[in-house]
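Breakdown of the fold
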Amino acid sequence: DNQPTTNNNNNTTTMIASTALRNAARVGSKRSMSTAAAPKQHKAKDMWATLEKTRPPPGHPHTVFEPPYSTPVVAGMVIGVITTGYGMMYFGMRHQQYKQGYWK
């Protein structure tokens, strides 16, 4: 009753053969790049005049965040970010401890 059948061997052979054929078809179906027209590439030197027109005048310190800053607002934001990050990590750890049964 527990004798291996030839059906299992045939299934394995069929599976290996179909995988090999599928891989061979995939490799054969890849097309090489066309030599008729080269791919268009962006050249920064061609766009330099357009880019220069969008820049601020020379001597203007163009910083992302321009002062003055409100100290209470900045302090509140920094404390809020730190508290949120700590809370997310703590409650994630707490959830895992309860889920895995270490805490009851």
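Residues numbered from 1 in each chain as written. Predicted model: local features only at pLDDT ≥ 70, side-chain atom pairs only at ≥ 80, totals over all residues. Heavy atoms only, no water.

Attention now moves to the overall build of the protein. From N to C terminus, the protein includes 3 helices and 0 strands. From first element to last, N terminus to C terminus, the protein shows the α and β order α-α-α. Here the protein holds 104 residues, and 1% of them are scored as buried. Of the roughly 10,400 Å² of accessible surface on the protein, a fraction of 62% belongs to carbon and sulfur atoms. (Helix = DSSP H or I, 4+ residues; strand = E, 2+ residues; numbered from the N terminus. Buried < 20%, exposed > 50% of the residue type's maximum accessible area, 1.4 Å probe, protein only. Areas by Shrake-Rupley, 256 points an atom, 1.4 Å probe, with all protein chains shown as cover.)

Bringing the packing of aromatic side chains into the picture now. All chains considered together, the criterion is met by 3 aromatic pairs. Plain terms: the ring middles of Y86 and Y90 are 6.4 Å apart, the flat faces sit at 10 degrees to each other, and that makes the pair stacked. With Y86 and Y90 both in helix α3 (residues 71–99), this residue pair falls 4 residues apart, about one helical turn. Y86 gets classed as exposed once you look at its relative accessible area, which sits at 60%. Where Y90 meets F91, the ring centres are 5.2 Å apart and the plane angle is 80 degrees; that geometry is what we call edge-to-face. Ring pairing ties together the aromatic residues Y86, Y90 and F91, which thus form one cluster. (Phe/Tyr/Trp six-rings, centres within 6.5 Å; stacked < 30°, edge-to-face > 60°.)

Here the focus is a nonpolar patch on the surface. Among the surface-exposed residues, Y86, Y90, F91, M93, Y98, Y102 and W103 lie close enough to one another that they form a single nonpolar patch of about 800 Å² accessible area. Examined against the element boundaries, Y98 turns out to sit in helix α3. Judged by its relative accessible area of 39%, Y98 falls in the partly exposed class. (Patch = residues over 30% accessible without salt bridge, like charges linked within 9 Å, V, L, I, M, F, W, Y side chains within 5 Å. Salt bridge = Lys/Arg side-chain N within 4 Å of Asp/Glu carboxyl O.)

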